[in-house]
Amino acid sequence: MRGLSDAVGAANLSSYAVIAMVLFIAAFGGIIAYLLLRRNRQVFDRARQMPLDDEQVQTPRNAENNGAAQ
Amino acid sequence: MSTQVDQFKYDDKTVRAFVVATMVWGAVGMLVGIILALQLAAAELFYDTWLNDLPWLTFGRLRPLHTNAVIFAFAGNAVFAAVYYSSQRLLKARMFSDLLSRLHFWGWQLIIVSAAITLPLGFTQGKEYAELEWPIDIAIALVWVVFAINFFGTIAKRRERHIYVAIWFYIASVITVAVLHIFNNLVIPSGILKSYSLYSGVQDAFMQWWYGHNAVAFVLTTPFLGMMYYFLPKAANRPVFSYRLSILHFWTLVFIYIWAGPHHLHYTSLPSWASTLGMLFSVMLWMPSWGGMINGLLTLRGAWHKVAEEPVLKFFVVGVTFYGMSTFEGPMMSVKSVNALSHYTDWNIAHVHGGALGWVGFMTFGMIYWLVPRLFQAELYSKKLATTHFWVGTIGIVLYVVSMWTAGITQGLMWRAFDETGRLAYPDFVETVLKLVPMYWVRLLGGLMYLTGVLLMGWNMLKTWQRRKRPYDEPIFEAPALEGRYVPEPMPQTPLERDHAPVAGNAIKLQRLWMGFWHRRLEGLPLTFSVWVAIAVIVASLFEIVPTFLLDSNVPRIASVKPYTPLEVMGRDIYIKEGCYNCHSQMVRPFLAETERYGEYSKAGEFIYDHPFQWGSRRIGPDLHRVGGKYPHLWHVRHMENPRSTTPGSIMPSFPWLLKDKLEFSKIQGRVDALALTGVPYSDKAINGAEQSARAQAQLIAADVAKNGGPKDIADKDIVALVAYLQRLGTDIKLKAEAPTPDAQKAMAQLGGKK
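Because the structure is a prediction, the values reported are computed rather than measured.

The next subject is the overall build of chain A. For chain A, the count of helices and strands is three helices and zero strands. Burial status across chain A gives 34% buried among its 70 residues. Surface accessibility of chain A: about 4200 Å² in total, with carbon and sulfur atoms responsible for 61%.

And the structure:
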């Protein structure tokens, strides 16, 4: 543990804080962009209905219905 | 084209079991809470009566039972009920394995029973909400794995392609709780029900509150949000207001929550960069949390008339509103200057109970009232009784929270008050406690009302159960059969592809990325999705925790700080066993009001041998970090025997058994050896002769006590070890480090320095 501490202490990792922040903001921006895209609205509308119907599958998960997800 | 059709049934038996367990453990946990509230309001009922001869009834031992019972037994079972009911229906699949469901249910109940036995007996790791000893921790990990296999197995065989947002919240909870539980409970055992945390001092504190805060996040928040996103639309019979907002809510919580833990350690010896980071992320949490609250409340738009008549919706509306209140109050309290006042006071207690009684409790009750008629397949016995439960409970919460706010702010202000001569206005700590007693009565009343509501619900449930359909109907559902092999959803064409634009493949890839198709892929691929959640959680944790463990500058060493002697180790174990940390902190913050009251502020380097740390989170009694040497040995003996004899008005329990119970000298060597394994640098003498060393030190203390007119037979009793530990607390930095060598002295003299 001691040697590891020395190594990490000497590595001068402070610039990684900025990298972490950039990654963080990029991920956040990506999610926002995805949410705001118009074309996803339909998918969201279908997803919203999921809890309300215990019987009907919204988008079946089999090969034939792959196209139906569009 | 004809599609093959599957027929399947949902498993509601397990859900019924979890619902009943929720009710039973909820009532037990809250009853323990009532006893604790009574102990603070009417301490005289508990001391100087026969009740005082029952060690397991003291505040320090029962409080962990209360917190563990309501968090892991009440809320835990409620979460499992919600997950088992809603996942099957959202995924259109029966739970993966009935055997695993049974193992999960009974395993969890067994863990709760073992907690209910070991905690009052004083078997504890001494870290809040992580008190359970290592064999039980291993059992928890195993049961959690059973749950995870059952849950992810159900996702794997689902018939619905897209995974609804409630399931995302469950996935995040399952993964993160596993990570938190394992890392905070890494210990070196010393016997079957005793262990020492692998970490010490600042690092242990950091790990503990990373765990503690995220237990709030991933046991008491995210699964309940999953519950909200499923049961609220169900009960209102309307889709959630905005699915987009729910996705944003999910990802921001997963990204941000994990960083917020250090706000539990403001102004302690934690490096201030960590504390500031925790504060910033806590404040950032406010917005997504309110986004979620608004999303929940707006789901009811156009259905508000239903709230007036439907108790289920009443519970949900107030529950979600309390979510909003708590997630505003939390970020506010995490601001350092607010925290300077609120920390260690009943304000914290008000805050957690707003969240626990209002959000967790009411969401659970709403869910149960909605589920019970469906699970028992009979009409609810009495809607009126349910509405009464709602009102009794709501008024109970208001009384509870308002009285604890008042108590917290009162005590916080009294601690820091100075008179016009510049001295502490209330130098006697007990004065600031006695001021709170009227508020403690109001709190007790609030708690009683809340419990009454729960008992009404139990009665209502029992009566509904008596009307149940026998045998239960098991409706058969149909859905297109699952392919044997997973077929991913095909990529849609991008406009560039459609137009056969003469561009490089990369441009099309870029357009795909921009179209956001990746997230839908992600939703359809639960494994990948789970991996991303795990990465989000783990990476954030590493950025925060690793530097504290690896950068020496975060915990400056102090030469004069030495490991505890073997007798002091035993004393510290008694301190932990009796749960002293539930009422006493060991952390003097760097404020004038605190250094005046307690002495020099606490430094990180003083705790490097504290496995586990004992900084505490609430001062029902005064801070103890500088108590060493403050009073004679005899004072401590008398004080532990009966605190009223030295501090009139004290509400601390008496510990007469400490003067009678024999100290287990035979266990000392094993304990010292275990501590040495965690890295405490014990000398050869301690490693080989811990017991002799302890006996010798015990004789010295006992002789001093006897000489001053105290009891003459304490040299082999528990009390002698506890006194040794208390007298050691916070004294090391008062010692001079090794005396300078003659050469150094000469050099100093030449420089004109002092010897």
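Okay, unusual backbone geometry next. All names here are of chain B. The amide bond that connects Arg-470 to the next residue, Pro-471, takes the cis arrangement and shows omega of -15°. With respect to the helices and strands, Pro-471 occurs in the loop between helix H17 (437–466) and strand S4 (477–480). A cis geometry characterises the amide bond from His-611 onward to Pro-612, with omega recorded as -10°. The phi dihedral of Tyr-129 falls on the positive side, at around 65°, and the residue is not glycine. Tracing the chain through its elements places Tyr-129 in the loop between helix H4 (98–118) and helix H5 (134–156). Under the relative-accessibility criterion, Tyr-129 is labelled buried at 16%.

Here we take up the packing of helix H10 (residues 272–298) of chain B against helix H12 (residues 311–334) of chain B. Residues and elements named next belong to chain B. Between H10 and H12, the least distance of the axes is 8 Å, while the angle of their chain directions is 165°. One finds that H10 runs roughly antiparallel with respect to H12. Between H10 and H12 lies a crossing of left-handed hand. In this structure, H10 contributes Met-279, Ser-282, Val-283, Trp-286, Ser-289, Trp-290, Met-293 and Leu-297 to the contact, and H12 contributes Val-317, Val-320, Thr-321, Tyr-323, Gly-324, Thr-327, Phe-328, Pro-331 and Ser-334. Here the contact of H10 with H12 is composed, by residue class, of 11 nonpolar, six polar and no charged.

What follows covers the packing of aromatic side chains. Residues and elements named next belong to chain B. Applying the stated rule across the entire model yields 61 aromatic pairs over all chains. Taking the centre distance of 5.2 Å and the plane angle of 90° together, the rings of Phe-80 and Trp-108 count as edge-to-face. Taken together, the residues span a long stretch of sequence, with Phe-80 in helix H3 (residues 59–91) and Trp-108 in helix H4 at a distance of 28 residues. Trp-108 gets classed as buried once you look at its relative accessible area, which sits at 6%. Look at Tyr-267 and Phe-591: their rings are 4.8 Å apart centre to centre, the planes differ by 70°, and that puts the pair in the edge-to-face class. Placement of the pair is Tyr-267 in the loop between helix H9 (243–257) and H10 and Phe-591 in the loop between helix H22 (566–577) and helix H23 (592–598), with a sequence separation of 324 residues. Assessed through its relative accessible area of 28%, Tyr-267 is described here as partly exposed. Taken together, the ring pairs connect Phe-18, Phe-80, Tyr-84, Phe-105, Trp-106, Trp-108, Trp-144, Phe-147, Phe-151, Phe-152 and Tyr-170 into an aromatic cluster. We note Arg-374 situated over the ring of Trp-370; from NZ or CZ to the ring centre the distance is 3.8 Å. For the cation-ring pair, Arg-619 lies above Trp-415, with the distance from its terminal atom to the ring centre recorded as 5.9 Å.

Calculation criteria
- Residues numbered from 1 in each chain as written.
- Chains lettered and ligands numbered in written order.
- Predicted model: local features only at pLDDT ≥ 70, side-chain atom pairs only at ≥ 80, totals over all residues.
- Heavy atoms only, no water.
- Helix = DSSP H or I, 4+ residues; strand = E, 2+ residues; numbered from the N terminus.
- Buried < 20%, exposed > 50% of the residue type's maximum accessible area, 1.4 Å probe, protein only.
- Areas by Shrake-Rupley, 256 points an atom, 1.4 Å probe, with all protein chains shown as cover.
- Axes fitted to C-alpha atoms, helices over the stretch in contact; angles between N-to-C directions.
- Parallel < 35°, antiparallel > 145°, perpendicular 65-115°, else oblique.
- Left-handed = near helix turned anticlockwise from the far one by under 90°.
- Contact = heavy atoms within 4.5 Å.
- Nonpolar A, V, L, I, M, F, W, Y, C, P; charged D, E, K, R; others polar.
- Phe/Tyr/Trp six-rings, centres within 6.5 Å; stacked < 30°, edge-to-face > 60°.
- Lys NZ or Arg CZ within 6 Å of the ring centre and 35° of its normal.

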